[in-house]
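# Descriptive analysis of the structure
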Amino acid sequence: MPNSGQHMHPAETAPATYRTCHDWTDSKQLSTTVMTAIAEAMDADPTEIGPLYDRFDPDALDGLFSPRSDGVPRTGGRVGFTFEEYHVFIRSDGHISVHPLPDGGDVFGAPDVINASDAP
């Protein structure tokens, strides 16, 4: 079959997206779950990766997505940021995805993505 000019990459060479979900019933803070997810995606120990607080304020992240004062969970919010060679995307429902950046570039063409539409 002639070469069509398309380059195919075997699946094992494409970096995988790491996905997890924060357990809101656990006493662990969301920022801790995010740090652990990034370390897992990097295949590193959480104590070996650079300080996340250079990229975001853990207390602010925890407060942004914590349930409202009346206990009602927040919905619809999301935040994204880059950390080293990864784009981290967090949703208010606790879903976290860590995407390797293609060729060191930013996934969305911007340094950060923030939607605080349901902030108080």
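The text that follows walks through the structure, step by step, so that each part is easy to find.

Cut-offs used in this document
- Residues numbered from 1 in each chain as written.
- Predicted model: local features only at pLDDT ≥ 70, side-chain atom pairs only at ≥ 80, totals over all residues.
- Heavy atoms only, no water.
- Helix = DSSP H or I, 4+ residues; strand = E, 2+ residues; numbered from the N terminus.
- Contact = heavy atoms within 4.5 Å.
- Pairing = 2+ DSSP bridges.
- Salt bridge = Lys/Arg side-chain N within 4 Å of Asp/Glu carboxyl O.
- Buried < 20%, exposed > 50% of the residue type's maximum accessible area, 1.4 Å probe, protein only.
- Core = buried A, V, L, I, M, F, W, Y, C linked by side-chain atoms within 4.5 Å.

### As for the overall build of the chain
Within the chain one finds two helices and five strands. In sequence order, the secondary structure elements of the chain are arranged as β-α-α-β-β-β-β. Nonlocal contacts in the chain, meaning residues at least 24 apart in sequence, comprise 55% of its contacts between residues at least 6 apart.

### A look at the pairing of strand 3 (residues 86-91)
Remark: a regular strand shows side chains that alternate across the two faces of the sheet. As defined by bridge partners, strand 2 (residues 78-83) adjoins strand 3 across six bridges and the pair is classed as antiparallel. Each residue of the ladder has a partner; that of threonine 82, found in strand 3, is histidine 87. Connecting the antiparallel pair strand 2 and strand 3 is a turn made up of two residues, with glutamate 84 showing a positive phi of about 55°. A loop of three residues connects strand 3 with strand 4 (residues 95-100), the two strands running antiparallel in sequence, and glycine 94 in this loop sits at a positive phi of about 95°.

### Quick notes on the pattern of salt bridges
Under the defined criterion, the tally for this structure stands at one salt bridge. For the salt bridge of arginine 91 with aspartate 93, the shortest nitrogen-to-oxygen distance reads 2.6 Å. A residue is classified by how much of its surface remains accessible, and aspartate 93, at 34% relative accessible area, is partly exposed.

### Digging into the nonpolar core
Ranked by size, the top nonpolar core spans 18 residues in total, and within it Val34, Ile38, Leu61, Phe81 and Ile90 carry the most contacts. Residues within four places of isoleucine 90 in sequence aside, it is in contact with Leu30, Val34, Leu61, Phe65, Gly77, Arg78, Val79, Phe81, His95 and Ile96.

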